[in-house]
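Fold and geometry: a report
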Amino acid sequence: MDDILTAIRTAVIQGNAGEVESQVKAALEGGMAPKSILDHALIDGMREVGAKFEEGEFFVPEMLVAARAMKGGLTLLRPRLIEEAVEPLGRVVIGTVRGDMHDIGKNLVGMMMEGAGFEVKDLGVNVAPEQFVDAAKAGDVDIIALSALLTTTMPNMADVIKKLDDAGARQKVKVLVGGAPVTEAFAQRIGADGFAPDASQAATLAKSLVA
Ligand code: B1M
């Protein structure tokens, strides 16, 4: 049984979507617990991908193919995880802030968070602050994750936090910010709960924020 978990984990790291899919199917047919496949193969594989990215061994393309391979496996597991009521690590609502159409980094962050065990709702790009506020007010959200790639749209992150505050929803959620022009100092200045410079560290930080 461990062999199949190793095979899935390796296929995730290699970004081999076909292999992930066939091995996950085989594992399920063999009676393996979906939670075990999730924790010990998919999430563990993505953790290794994140480590390789942080060490400079992997770059964005390798991360993207690995994340897509992992997502394929997750799609097969999802109905079974729901059936067995396996709780996600937490719930994240992610989006690129108003005025900003860049989504490659945001998608990667979402995928890494999913890979870390979070349930991720992606609001897309050019997201109005009110949409984040509505998501926070609706409840069942632990983290609001904001991405910005333009210096001109960075202030819209502060706007989201202010509107969360105005709506009395700021205390309900943690706000995590990132994107190429965003810095730790900026994050602190606008009152965010955290900043991460890349997708892998965003997933690690998200885990510590809900711990
Ligand atoms: Co745009 N663009 N762009 N662009 N674009 C930049 C960002 C720019 C730096 C290029 C440049 O001038 N050198 C510049 C911004 C300058 C500035 O503000 N200082 C710029 C500009 C000016 C523009 C336009 C205004 C150009 C124009 O029309 N005159 C326009 C704006 C459109 C708009 O948004 N309203 C525009 C348009 C576009 C395209 C549509 C053509 C395309 C976007 C396609 C898409 O996303 N679907 C595009 C692209 C591709 C880029 C560059 C070349 C690449 C961005 C990217 O995807 N990087 C970019 C130049 C560059 O960065 N070298 C540029 C790869 C991605 C994996 O990295 O997004 O940084 P990144 O994400 C990283 C981290 O930042 C972090 O993790 C990710 C992965 O590790 N991260 C987070 C991201 N979000 C996070 C959230 C977190 C935590 C970490 O927590 C929640």
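Residues numbered from 1 in each chain as written. Predicted model: local features only at pLDDT ≥ 70, side-chain atom pairs only at ≥ 80, totals over all residues. Heavy atoms only, no water.

**So, the overall build of the chain**
Looking only at helices and strands, one finds nine helices and five strands in the chain. Walking the chain from its N terminus toward its C terminus, one meets helices and strands in the order α-α-α-α-β-α-β-α-β-α-β-α-β-α. Against the compact-globule benchmark of 17 Å for 211 residues, the chain has a radius of gyration of 17 Å, which places it among compact chains. In terms of its C-alpha atoms, the chain occupies a principal-axis envelope of roughly 50 × 35 × 25 Å. The buried share of the chain, taken over its 211 residues, is 48%. Residue pairs in contact within the chain that sit at least 24 positions apart in sequence constitute 73% of those at least 6 positions apart. The centroid of the 21 positive side-chain charges in the chain is displaced by 6 Å from the centroid of its 30 negative side-chain charges. (Helix = DSSP H or I, 4+ residues; strand = E, 2+ residues; numbered from the N terminus. Rg over C-alpha atoms; globule rule 2.2 N^0.38 Å. Buried < 20%, exposed > 50% of the residue type's maximum accessible area, 1.4 Å probe, protein only. Contact = heavy atoms within 4.5 Å. Lys, Arg positive; Asp, Glu negative; His and termini not counted. Charge placed at Lys NZ, Arg CZ, Asp CG, Glu CD.)

**A word on the nonpolar core**
Counting 48 residues, the largest nonpolar core has Ile8, Ile37, Leu42 and Met113 as its most contacted members. When contributions to this core are tallied by element, the ones reaching two or more residues are helix 1 (2-14), helix 2 (17-29), helix 3 (34-54), helix 4 (60-83), strand 1 (91-96), helix 5 (104-115), strand 3 (143-147) and helix 9 (199-210). It is helix 4 that provides the largest number of residues to this core, a total of nine residues. Taken together, domain 1 (2-83) and domain 2 (91-210) each give at least three residues to this core, which thus spans both. In contact with Ile37, other than residues within four places in its own chain, are Leu5, Ile8, Val24, Ala27, Leu28, Met32, Leu42 and Leu77. Counting residues in hydrophobic clusters, the runner-up holds 26 residues, among them Ile144, Val175, Phe186 and Ile190. (Core = buried A, V, L, I, M, F, W, Y, C linked by side-chain atoms within 4.5 Å. Domains from an automatic or database assignment.)

**Topic: unusual backbone geometry**
With phi around 55 degrees, Asn126 is a residue other than glycine that occupies positive phi space. With respect to the helices and strands, Asn126 occurs in the loop between strand 2 (119-122) and helix 6 (129-138). The backbone of Asp140 sits at a positive phi, close to 60 degrees, despite the residue not being glycine.

**Regarding the domain arrangement of the chain**
For the chain, the assigned domains read domain 1 (2-83) and domain 2 (91-210). Inter-centroid distance (C-alpha atoms) of domain 1 to domain 2 is 25 Å. Each partner contributes to the interface: domain 1 provides 15 residues, whereas domain 2 provides 12 residues. Of the roughly 1,200 Å² buried where domain 1 meets domain 2, counting both sides, 73% is carbon and sulfur surface. Broken down residue by residue, the surface that domain 1 buries against domain 2 is led by Ile43, Glu54 and Met63, which jointly contribute 32%. (Buried area = accessible area lost by both parts, 1.4 Å probe.)

**Looking at helix 3**
With 21 residues, helix 3 should cover 30 Å at 1.5 Å per step; its first-to-last C-alpha distance of 28 Å lies within 8% of that length. Within helix 3, the axis deviates most sharply at Asp44, by approximately 30 degrees. Those residues of helix 3 not exposed but buried are Pro34, Ile37, Leu38, Ala41, Leu42, Ile43, Gly45, Met46, Val49, Gly50, Lys52 and Phe53. At its buried positions, helix 3 is contacted by helix 1, helix 2, helix 4, helix 5 and helix 9. Positioned one or two residues after helix 3, Gly56 has a phi angle of 85 degrees, which is positive. (Expected span 1.5 Å × (residues − 1). Bend = angle between axes of the 7 residues up to and from the residue.)

**Quick word on the packing of aromatic side chains**
Here a ring pair, both rings aromatic, is described through the centre-centre distance and the interplanar angle of the planes. Overall, the coordinates contain zero aromatic pairs when judged by the stated rule. Directly above the aromatic system of Phe58 lies the positively charged group of Lys52, at a separation of 5.7 Å from the ring centroid. (Phe/Tyr/Trp six-rings, centres within 6.5 Å; stacked < 30°, edge-to-face > 60°. Lys NZ or Arg CZ within 6 Å of the ring centre and 35° of its normal.)

**Considerations on the packing of helix 1 against helix 2**
The contact between helix 1 and helix 2 brings their axes to 9 Å, and the two run at 160 degrees. Overall, the two elements helix 1 and helix 2 adopt an arrangement that is roughly antiparallel. The handedness of the crossing between helix 1 and helix 2 is left-handed. Here helix 1 contributes Ile4, Ala7, Ile8, Ala11 and Val12 to the contact with helix 2, which in turn contributes Glu19, Val20, Gln23, Val24, Ala26 and Ala27. Grouping the amino acids of the contact of helix 1 with helix 2 by side-chain chemistry returns nine nonpolar, one polar and one charged. (Axes fitted to C-alpha atoms, helices over the stretch in contact; angles between N-to-C directions. Parallel < 35°, antiparallel > 145°, perpendicular 65-115°, else oblique. Left-handed = near helix turned anticlockwise from the far one by under 90°. Nonpolar A, V, L, I, M, F, W, Y, C, P; charged D, E, K, R; others polar.)

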